[in-house]
Structures are given as C-alpha cells and as structure tokens.
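Residue-level listing of the chains:
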Amino acid sequence: MDKRPIGVFDSGIGGLTVLKKIAKALPNEDLIYFGDTARVPYGTRSKETIRKFAQEDVNFLLTKNVKCIVIACHTVSSVAAIQNGSTASVPIINATTPTLNFLKDAKRKRIAVIGTRGTISSGVYKKSLRKTKVTEQECPLLVPIIEEGEKGEVLESAMRLYLSNIKKVKPDLVVLACTHYPIIKKEIKDFLGDVEILDPADLISRELKRFLVSNHLQSKSSKKGGVKFFVTDTVEHFAKNAKELLREEVSGKIERIKLTQ
Ligand code: DGL
C-alpha cells in the first residue's frame, strides 16, 4: 500500500483524455497532472529537444513525491525512450509500450497509426510490429485544429489530407497515437467508415492498474482520490481549453509553475 500520488504528464492539455481514464480505473488514487502548456506542441520538435523537455517534466513530477509516473504523451513515449520499468527513481509507464503489447497480441494483419511528426518519424510501430503491415501517417495540423475546436470544413480538409491514404489501405484497426485525437474520435470514425479505432488511453490505465496491483503500490484509501494540476502557461488558458475540448470543468486546483532549466 502506498498513499503517494501518481504523476501524469503531457505536452499540454491532450493528456487529460488519459487522466480521465486513469481516474475512472483507479478512483481512490490521488493524481498529479502536469501539462507543459507553454511549450506545446512537442510533436514538431527535434528528438534532442523532446528528450530535454521530457527529462524536465519527469524531474518536476519527482519534486511532488509521486510513486510512479505515467507519460501520457505519445511523442515523448516514442521519442524519449523512457521505458516502462524506469530509469528515474520511480517506475515509469509510457503510452507506447502497452499499445505495442496489445497490438502484438492482437495479431491484426493490417494496422494504421496516426500521430505527431515526432511519433511517426520515430518509426517505433513499424520497427516493433514486423509481422504486421503498418501504415503510419503524421498529422501535424490536427493538434492545432483540435485545440482551436474546429470541427467543420477545416477539420474535414485536414482529414482528407491525412486519412485518405489510410482509407485506401483498409486497415483492420487505426491507432490514435496522440493524446488529442480521442477528442475527434467520432469525426475520424465517420471519415474512415467501418474500421476499429484504438484509443490507447484504455490500455495505459489498465497497465497502470496492473502495475500498481502487482507491486502492492495501490492506495488502500476508501476515499475518492483528488487531482492537482500544474501547468506552465496560464491557469485560465488551461481551464478554458479543458472545458471546451473535453466538455468538462477541471475539478481540482490548477497552479502555474516555472520549470527550473
Ligand atoms: N501530446 C502530444 C502527443 O500525444 C500531442 C501534442 C504535441 O505535439 O505536443 O503526441
């Protein structure tokens, strides 16, 4: 039994799609969410920069006495090579490993992966799933379009640009390898037609739960856990975006912090 909070981080607001699933799967755990909202997006940056930011994000969460860290961000998970199990002083669960494990077991013939430029250029899905035909597609404009709440013609054009090829190859399953994409899951599904869509957030929260249970790290508290939010840009910006994108008020204290360089 371990009462310390679980740390979750993302480049910005998208990781809230993962946090939501974690809070549902582990209702009695205290959670700390860190969103690097002043430096989002990570997906268009160099590997070196992503690695540096990721280390700073981990270091910040370590100051909050967390018992483990979840990297919700797919870009960090696929580029920064911070593996499940950990190199830091606490265990780390990343977004990519549970997704790859699921895909290896699922034995689909043809899958498609959509993500940021960073995630796709890491090639991690193609490299790890050698027996599967993997079509990877970077979608750099989707994150800003989602953040702007655009659902009309602008989103349609971006989907035509990025998803037409995926539609042609008729995959068995499409992986939403970016924390923002579940926000437009319905639109993606409508565009692609009859195809299974995988939101890795379910797999990440399941893996976290399995990890905590098998290492006796769960909180045994009978009380509902709380969430504290830390962001690097303004509190108002985060609260407004969260409400608009996830159609939910952020319940929990939000604090703006400066990362020590
Ligand atoms: N959170 C990032 C991811 O899941 C998307 C936003 C970004 O580019 O930073 O890949």
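Here the residue index of a chain counts from 1 through its sequence in written order. Local features in this predicted model are restricted to residues of pLDDT 70 or higher, and side-chain atom pairs are both shown and tallied only at a pLDDT of 80 or more, whereas totals for entire chains, interfaces and linings draw on every residue. The side-chain quantities take in all heavy atoms of the structure and omit both hydrogens and water.

K.L.:
Before we go on, may I ask you to explain the site of the ligand in this structure?
P.N.:
Only a single heavy atom is needed: when it lies within 4 Å of a molecule or strand, its residue is near that molecule or strand. If you check the shell around the ligand, you find 14 residues, and the closest are Asp10, Ser11, Tyr42, Gly43 and Thr75. Any pair of N or O atoms that falls within 3.5 Å is considered a polar contact. Within protein, one atom must be able to donate a hydrogen and the other to accept it, and sequence-neighbouring residues count only if both atoms are side-chain atoms. Between His74 and the ligand, the recorded distance is 3.1 Å, taken from a backbone N or O atom to an oxygen atom. A distance of 2.9 Å separates a nitrogen atom of the ligand from a polar side-chain atom of Thr179. Residue composition of the shell around the ligand, by class: 6 nonpolar, 7 polar and 1 charged. All amino acids are sorted into three groups, where Ala, Val, Leu, Ile, Met, Phe, Trp, Tyr, Cys and Pro are nonpolar, Asp, Glu, Lys and Arg are charged, and the leftover types, Gly among them, are polar.

K.L.:
What am I meant to see in the environment of Ser77 here?
P.N.:
With respect to the element layout, Ser77 can be found in helix α3 (residues 74–79). Residue classification places Ser77 among the buried positions, given a relative accessible area of 4%. Sequence-wise, Ser77 and Arg4 are 73 residues apart; in three dimensions their C-alpha atoms are separated by 23 Å. Every residue pair with non-hydrogen atoms within 4.5 Å of one another is taken to be in contact. When sequence neighbours within four positions are dropped, the list of residues in contact with Ser77 reads Ile71, Asn94, Ala95 and Thr96. In terms of polar contacts, Ser77 uses its side chain to reach the backbone carbonyl oxygen of Cys73, at 2.8 Å. Strands here are runs of E lasting at least two residues and helices are runs of H or I lasting at least four, both read from the DSSP assignment and numbered beginning at the N terminus. Working definition: with a 1.4 Å probe on protein chains only, accessible area under 20% of the residue-type maximum means buried, over 50% means exposed, and in between means partly exposed.

K.L.:
What is the right way to read the sheet that holds strand β6 (residues 133–138) from this model?
P.N.:
Whenever strands of a sheet pair, they do so through backbone hydrogen bonds, lying parallel or antiparallel. The pairing criterion for strands is at least two bridges between them, as found by DSSP. Spatially, β6-β5-β7-β8 is the arrangement adopted by the 4 strands of the open sheet, whose pairing is parallel. Single-partner strands in this sheet number two, and they are β6 and β8 (196–198). Ignoring which end each strand starts from, the neighbouring axes of this sheet average 20° apart. With 6 bridges joining them, strand β5 (residues 110–115) and β6 adopt parallel strand pairing. Counted as the bridge partner of Ile114 is Gln137 from β6. For helices, the fitted line uses only the C-alpha atoms of the stretch in contact; every axis is such a line through C-alpha atoms, and the angle between N-to-C directions lies from 0 to 180 degrees. Strands in contact with helix α8 (residues 153–169) are β5, β6 and β7 (173–177); relative to β6, the strand with the most contacts, it is inclined by about 165°.

K.L.:
Explain the nonpolar core here, please?
P.N.:
Across soluble globular proteins, nonpolar side chains show a tendency to be buried alongside one another. Nine residue types can take part in a nonpolar core, namely buried Ala, Val, Leu, Ile, Met, Phe, Trp, Tyr and Cys, and a core is a set of them joined through side-chain atoms within 4.5 Å. Judged by nonpolar contacts, the single largest core of 53 residues is most densely connected at Tyr181 and Ile188. The element contributing the most residues to this core is α8, with 6 residues. Ignoring sequence-local partners within four residues, the contact set of Ile188 consists of Ile114, Met159, Leu163, Leu176, Tyr181 and Ile197. With 22 residues, the next largest nonpolar core counts Ile32, Ile69, Cys73 and Leu259 among its residues.

K.L.:
Can you walk me through a positive patch on the surface in this structure?
P.N.:
To count toward a patch, a residue needs a relative accessible area over 30% and no salt bridge; like charges are then connected within 9 Å, while nonpolar side chains (Val, Leu, Ile, Met, Phe, Trp, Tyr) are connected within 5 Å. To be clear on the numbers: accessible area is Shrake-Rupley with a 1.4 Å probe, and residue cover counts the displayed protein chains and nothing else. Whenever Lys or Arg places a side-chain nitrogen within 4 Å of a carboxyl oxygen from Asp or Glu, that contact is recorded as a salt bridge. The charge count includes Lys and Arg as positive and Asp and Glu as negative, but it does not include His or the ends of the chains. Positions of charges follow a simple convention, taking NZ of Lys, CZ of Arg, CG of Asp or CD of Glu. Positive charge collects at one region of the surface, where Lys47, Arg51, Lys127 and Arg130 lie side by side. Here Lys47 lies in helix α2 (residues 47–62). Here Lys47 falls in the partly exposed class, since its relative accessible area comes to 43%.

K.L.:
Which parts of the structure should I look at to understand empty space enclosed by the protein?
P.N.:
In this approach, a probe sized like a water molecule rolls over the atoms, and the result shows the empty space that is left. Cavities and pockets were defined on a 1 Å grid built from protein atoms only: a cavity is a group of points that admits a 1.4 Å probe but offers it no way out, a pocket is an open group of points flanked by protein on both sides within 12 Å along at least five of seven lines, and a lining residue is one with an atom within 4 Å of any such point. Grid points are joined across faces, edges and corners, and a volume is the space filled by probe spheres set on the points. Taken as a whole and assessed by the stated rule, the structure comprises 2 cavities of 30 Å³ or more. By volume, the largest cavity is sized at about 40 Å³. As for the largest cavity, its lining consists of Gly12, Ile13, Thr37, Val40, Glu147, His237, Phe238 and Asn241. Residue contributions to the lining of the largest cavity peak at 3 residues, all from helix α11 (residues 235–246). Looking at the lining of the largest cavity, its residues break down into 3 nonpolar, 4 polar and 1 charged. Taken as a whole, the second largest cavity holds about 40 Å³ of empty space.

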